[in-house]
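Okay, here's what each chain looks like letter by letter:
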Amino acid sequence: MATLIRKIAEYLIRNWPKLSDWVKKAIITIAGSALVDAIARGLSALIDYLSGLSSTVIEAIAKLLGL
């Protein structure tokens, strides 16, 4: 799971500004609005945040992103 979390975090850091609004809203709905703050604080903050979420949430985000 740690590898998938890192892959998601790297993808979100790199692509958040480019993602469509519906994808952003879906991810925020699934993971919580604090995700946006974690993205703004950087990779390690985002990995820490994602690590506290359930595997179901992580898998749903990965599916939305096509990872």
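Provided above is the structure to which this section pertains.
Every value quoted in this text rests on a predicted model; they were computed, and no experiment measured them.

S.K.: With reference to specific residues and values, describe helix H2 (residues 21-31).
M.R.: Residues of H2 that are buried: Val23, Lys24, Ala26, Ile27 and Ala31. Buried residues of H2, viewed axially, fall in a sector of 165°; they line one side. Facing away from the buried side of H2 by over 90 degrees, the exposed positions are Asp21, Trp22, Lys25 and Thr29. Lining the buried residues of H2 we find helix H1 (2-15), helix H3 (34-41), helix H4 (43-51) and helix H5 (55-65). Positive backbone phi, at 100°, marks Gly32, one or two positions downstream of H2.

S.K.: Which residues make up the pattern of salt bridges, and what values go with them?
M.R.: Under the definition given, this model contains two salt bridges. One salt bridge connects Glu10 with Arg6, and the closest N-O pair in it is separated by 3.1 Å. Here the residue Glu10 and the residue Arg6 both occupy positions in helix H1, the gap between them amounting to four residues, near one helical turn. Under the relative-accessibility criterion, Glu10 is labelled partly exposed at 31%.

S.K.: Please give an account of the nonpolar core that cites residues and values.
M.R.: Membership of the largest hydrophobic core comes to 20 residues, with the highest contact counts inside it found for Leu12, Ile27, Leu35 and Leu50. Looking at this core, the elements that each hand over two or more residues are H1, H2, H3, H4 and H5. Considering every element that reaches this core, the biggest residue donor is H5, with five residues. Leu35 has contacts with Leu12, Trp16, Ile27, Leu46, Tyr49 and Leu50, leaving out every residue within four places of it along the chain.

Calculation criteria
Residues numbered from 1 in each chain as written. Predicted model: local features only at pLDDT ≥ 70, side-chain atom pairs only at ≥ 80, totals over all residues. Heavy atoms only, no water. Buried < 20%, exposed > 50% of the residue type's maximum accessible area, 1.4 Å probe, protein only. Helix = DSSP H or I, 4+ residues; strand = E, 2+ residues; numbered from the N terminus. Arc of directions from axis to C-beta. Contact = heavy atoms within 4.5 Å. Salt bridge = Lys/Arg side-chain N within 4 Å of Asp/Glu carboxyl O. Core = buried A, V, L, I, M, F, W, Y, C linked by side-chain atoms within 4.5 Å.

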